Structures are given as structure tokens and as C-alpha cells.
Amino acid sequence: MADVRVAPEVQDLTRIERIGAHSHIRGLGLDDTLEAREVSQGMVGQTEARRAAGVILRMIKEGKIAGRAVMLAGQPGTGKTAIAMGMAKSLGEETPFAMMAASEIFSLEMSKTEALTQAFRKGIGVRIREETEVIEGEVVEVEIDRPAAGNVAKTGKLTMKTTEMETIYDLGVKMIECIIKEKVQAGDVIAIDKVSGKVSRLGRSYARSKDYDAMGGTTKFVQCPDGELQRRKEVVHMVTLHEIDVINSRSQGFLALFAGDTGEIRTEVREQIDGRIAEWREEGKAEIVPGVLFIDEVHMLDIECFSFLNRALEQDMAPILVVATNRGITQIRGTQYSAPHGVPIDLLDRLLIVSTQPYSPKDLRTILDIRREEEDVEMSDDATELLTRIAAETSLRYAIHLITASSLIAAKRKAAEVDIEDVSRAYTLFIDIKRSVQYMLDYQDQYMYNEIPQGLQNGGSHAEPMTD
Ligand SMILES: Nc1ncnc2c1ncn2[C@@H]1O[C@H](COP(=O)(O)OP(=O)(O)OP(=O)(O)O)[C@@H](O)[C@H]1O
């Protein structure tokens, strides 16, 4: 079993890293007319691509784009993942946003198509409406008898009122426990779900607010409800299709949702669920909310996956697919053929392509400043200037990494601010790709399995960068 456990832990780590790298992004930074503000919500420059992403968001919100797909294409470090994160943040809590790196499908303990099916279903939300009977009112009195003999069950009475009526309820053992647990007292406005017996405190009644001068600032005051004590109330739950699948898959159970270790889910289970949801939709009990599935490094998928995507996009329940790639014309995995971005032409033809552009030095500096603040690092002007030059000549990611490294170097000499020397020191300690490639070209004979093509042997300047 030990090896089974390892996979989810490893995935979690990559996820933490990914969240960290984009933690400064809080939205797309657009105004009401979908124009991109130069610097807003942690987003800098890249205005055309952000604007395009904003138009896509609007289409998503209007429900016009289900089953369509978008590609963010551009050089490494030009903010493709950042834009996807910005989209996720702007969609809000309600709309599902599932994110994966294409390479993940090769490492999971399931077939590639199962992994993709699960990813698709994580990107589709189901809004389920349920009518329940509740008793909602202000508590007038709680009376709980605690018999002296230990094993005699407690008994109790609860008096509740609305502005129009007052009723006394007998309390069973389970209700008494709930009421004690929720610390319900006279003057609270509460709701009791009649089916589950769940008690929720909605707040304190305004009428009783004067009795409790000493209550903390967090106390919420509400009106005493009017009308009947018993009423029907609509509750709305939002879950993803994948969550419903896992909960209903008998071999897994809902605990698998927390472990992330869901294994394969049988087709029959999914068919049953889809059937049931179709019924609920007809009865007006459920609505499908297409969310977003973001697949980073899409060129890592192979031909089987691409044909799966083609088919999956045709289905009536599909999320909006957003893919990102930094590849040019390259081989489609699993074939001998090449295609733009390593993606077959028939799938490319379905995509709305948004391209990201290299950053100007000014944008680079602003992004570095935002990241520096995010990491709580003080840095002198000279040092930031040098870091910006490094970003322009090497890569933005490398320069972002140097922020942490140089702040540790500054901390070692007990300085509160990173200086130009600290950045230079970090630059010499950690080499970027260009210098790494040059080093390998210079010392190739000392490496094992050296396979550098002939043309590059004499220090030819352009090797395919070994990123990602
Ligand atoms: N426009 C931007 N505004 C703010 N931060 C940005 C912007 N563009 C990139 N970044 C930040 O720069 C770093 C690199 O960007 P990101 O990972 O989005 O690039 P990418 O295009 O996805 O690269 P790759 O092709 O290598 O996956 C991240 O920390 C990201 O949050």
C-alpha cells in the first residue's frame, strides 16, 4: 500500500508550489468595459491577452461558451498561468475551476482517459435546489431538565415565537444535544431543519439587544421573523459532477475526496448519475453550471488524449476548456507528425487562440516589485534595477527566484534591505539556463551520455532551452 499513498502527496506539493508562484494574482485587473488596467489585482501589462480573457469570462458568465476551448499561447514566463489564475479568481467561489498540468495524467494510477474524464467533471458544477421544512423563530425560553440519576434521559422544552405566534416544543435527546452544543439561549433567532434536526443560529433578536451590552462586536442582530413558525425554505448546494461521482462510487466513498485518491470510477456509476441529474434538471431541481478546466503544458498530452478532448467538447455537459502552451511547431506526442504547439490541427481549429507577448522592462520591474512585496522583501532601487536587467536578459521566473535567494543573503549579513551586492551574489550562486547551457557546451566531455548535436559543439549559441 505504501506506494499508493505516495502519489497524492507528491501532487499536493506541486500544487502548493504553483499556488505560491501566483499568490499575488487576485483577478484579471479589468474595468467594467473589460479594458485592462495597467496594474491591478496583482496583474501587470499583457493587456491584450487579459482583455481577451475578460471577454471569455463574460461569455462564461452569460453561459454562452460551454464546450468551447481557449488556448493561451506564448513564450515561457509570459503570464499564461497567471492569466488562468486571474480568470479563476474573477469567476468567484460559485463557478468550478479545475486546474491540472498535462503531465499529471501520466503519473496517476488510472488510465489517461479516466484522468481526463475526472478533470472534465471537476470543471462542471451542479447547483441543486432543495426545499426543506424549517422551524424559524426567536427563542423565548429554553428549559432543560437534568435528572439527578445519571442514566435517565434529559427532557426539555423550547418556546419559540415569531411576531405573530408562539409555540412550545418538546425536545428529544438529540435536539437537546444540538441546542446545548450551539449554546442556544433566549433571544437567539434560530432555524431548525425538520428533516435533519440541524440547528443553526441566525443571530440575536434586535428586540433583546439592550439586555446584552457586554456582547462582542461579532454578534449579528436580526429581526424576529414574522408569519408562521414552520415554513418551507429553499437551500442551494453547489457540487461538482466529480464530487457526486466519488460520493456515489461505492468502492471509494466520500473520504476519497479528501485523500484525492479516487481511483477509477465505473462508467455505470457515471451513467446513473447523469441520468438522475437529467431528471432533476427537468424537474427544475438542478442546474448545470459549466466551469473551467485549465490544462497547463497541453503539448504534453498525446494523440489519444487529444482525440478524447475533441469528443468530450461535443458533449452537452462540458466545461470551458482553457489550455496553455509555450511550444512552437513540434511533434504531436504519440505520432511522428508535427503541428503548431504540438496540438493536432482538428483540435486547434476549435480553439480561440490568445497569445501572450514578451514583457517590456517597465512591466518586468513592476511584476518584480509586486512579487517582492508579496514575499515581504525590502530592496534598494539599484538592486531592483539590476534584478530587472537580469529578468530581461535571462527570464522573469529566474529573476523572481533570485528575490528569495538574495533576501536570504542580505539576512545573513543582518541587513534589513537587499542591496545590489546581494543580488549579484545570488546571480553568481545560482546560474540561469543560458549560463547552464554554455557551461555544458564548454565542459561537455565531462558529462555522461553527451549528445549535443554537431552544430552546437563550437559554442553555437542556441540550444533549445531546457525549461519545463
Ligand atoms: N502579467 C503579469 N502580472 C503579474 N505577474 C505575472 C504576470 N505575468 C507573469 N507573472 C508572474 O511571473 C511568473 C511566471 O509567469 P507564468 O508562470 O504565468 O508564465 P507562463 O507563461 O505560464 O510560463 P510557462 O510557459 O513557462 O508555463 C509567475 O510567478 C507569474 O505569477
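Described below are features of the structure shown in this document. In this numbering scheme, every chain counts its residues from 1 along its sequence in written order. The predicted nature of this model means local features are confined to residues of pLDDT at least 70 and side-chain atom pairs, given and counted, to a pLDDT of 80 or more, with totals for whole chains, interfaces and linings taken over all residues. Note that water and hydrogens are dropped before the side-chain values are worked out from all heavy atoms of the structure.

Here we look at the environment of I192
- Helix and strand assignments come from DSSP, with helices taken as H or I runs of at least 4 residues and strands as E runs of at least 2, each series counted from the N terminus. When you line up the elements, I192 lands in strand β8 (residues 188-193).
- As for I192 and V134, which are separated by 58 residues in sequence, their C-alpha atoms are 5.4 Å apart.
- Note on contacts: a residue pair is in contact if any heavy atoms of the two residues lie within 4.5 Å. Not counting residues up to four positions away in its chain, the partners in contact with I192 are E133, V134, I135, L158, M160, M175, G197, K198 and V199.

Brief notes about the site of the ligand
- Around the ligand sit 22 residues, and of these V44, K80, T81, Y359 and R397 come closest.
- At a separation of 3.1 Å, an oxygen atom of the ligand approaches a polar backbone atom of G79.
- Polar contacts, as counted here, are pairs of nitrogen or oxygen atoms within 3.5 Å of one another; within protein the pair requires one atom able to donate a hydrogen and one able to accept it, and residues that are adjacent in sequence qualify only if both atoms are side-chain atoms. One nitrogen or oxygen atom from the side chain of Y359 is found 2.5 Å from a nitrogen atom belonging to the ligand.
- Computed by Shrake-Rupley with a 1.4 Å probe, the accessible areas treat only the displayed protein chains as cover when residues are assessed. Alone, the ligand offers 620 Å² of accessible surface; in the complex the protein occludes 97% of this.
- For the shell around the ligand, the secondary structure elements donating two or more residues are β2 (43-44), α3 (80-91) and α13 (396-412).
- Of the residues belonging to the shell around the ligand, the class tally is 10 nonpolar, 9 polar and 3 charged.
- Counting contributing residues per domain, the shell around the ligand is built from domain 1 (2-123 + 291-356) and domain 3 (361-430), each supplying no fewer than three. It suffices for a single heavy atom of a residue to lie within 4 Å of a molecule or strand for the residue to be listed as near it. Under the convention adopted here, Pro, Cys and the residues Ala, Val, Leu, Ile, Met, Phe, Trp and Tyr are nonpolar, Asp, Glu, Lys and Arg are charged, and Gly plus all remaining residues are polar. Domain ranges listed in this record stem from an automatic or a database domain assignment.

A few points about the sheet that holds strand β17 (residues 351-355)
- Note: two strands are recorded as paired if DSSP finds a minimum of 2 bridges between them. The sheet built from 5 strands is open, its strands ordered β4-β13-β14-β3-β17 with parallel pairing. Edge strands, defined here as strands with exactly one partner in the open sheet, are β4 (97-101) and β17. Each strand of the sheet is rotated relative to its neighbour by a mean of 20 degrees, with strand direction disregarded.
- In the sheet, strand β3 (residues 69-73) pairs with β17 via 5 bridges, with the strands oriented parallel. Residue A69 lies in a different strand from β17, and its bridge partner there is L351. Simply put, an axis is a line fit to the C-alpha atoms, just over the touching stretch for a helix, and the angle between two N-to-C directions goes from 0 to 180 degrees.

Focus: the packing of helix α4 (residues 112-122) against helix α8 (residues 267-282)
- Where α4 contacts α8, the axes come no closer than 13 Å and their chain directions differ by 20 degrees. Accordingly, the angle class assigned to the pair α4 and α8 is roughly parallel. Handedness of the crossing formed by α4 with α8: left-handed. On the side of α4, the interface is formed by E114, T117, Q118 and R121, while α8 contributes R270, I273 and D274. The labels follow the angle: roughly parallel below 35 degrees, roughly antiparallel above 145, roughly perpendicular from 65 to 115, and oblique for the rest. Less than a right angle of anticlockwise turn of the near helix away from the far helix marks a crossing as left-handed, whereas a clockwise turn marks it as right-handed.

What about a nonpolar patch on the surface?
- On the surface, I431, Y439 and Y443 cluster together to form a nonpolar patch covering roughly 300 Å² of accessible area.
- Inspection of the secondary structure assignment puts Y439 in helix α15 (residues 433-442). Candidate patch residues must exceed 30% relative accessible area and have no salt bridge, after which like charges are joined if within 9 Å and Val, Leu, Ile, Met, Phe, Trp or Tyr side chains if within 5 Å. We count a salt bridge whenever a side-chain nitrogen from Lys or Arg sits within 4 Å of a carboxyl oxygen from Asp or Glu.

What to know about the packing of helix α11 (residues 361-374) against α13
- In the contact formed by α11 and α13, the axes pass within 10 Å of each other and the chain directions differ by 35 degrees. Helix-helix and strand crossings are classified by hand; for α11 and α13 the assignment is right-handed. Of α13, the residues touching α11 (which contributes L364, I367, L368, R371 and R372) are L396, A399, I400 and I403.
- Of the residues contributing to the contact of α11 with α13, the split by class is 7 nonpolar, no polar and 2 charged.

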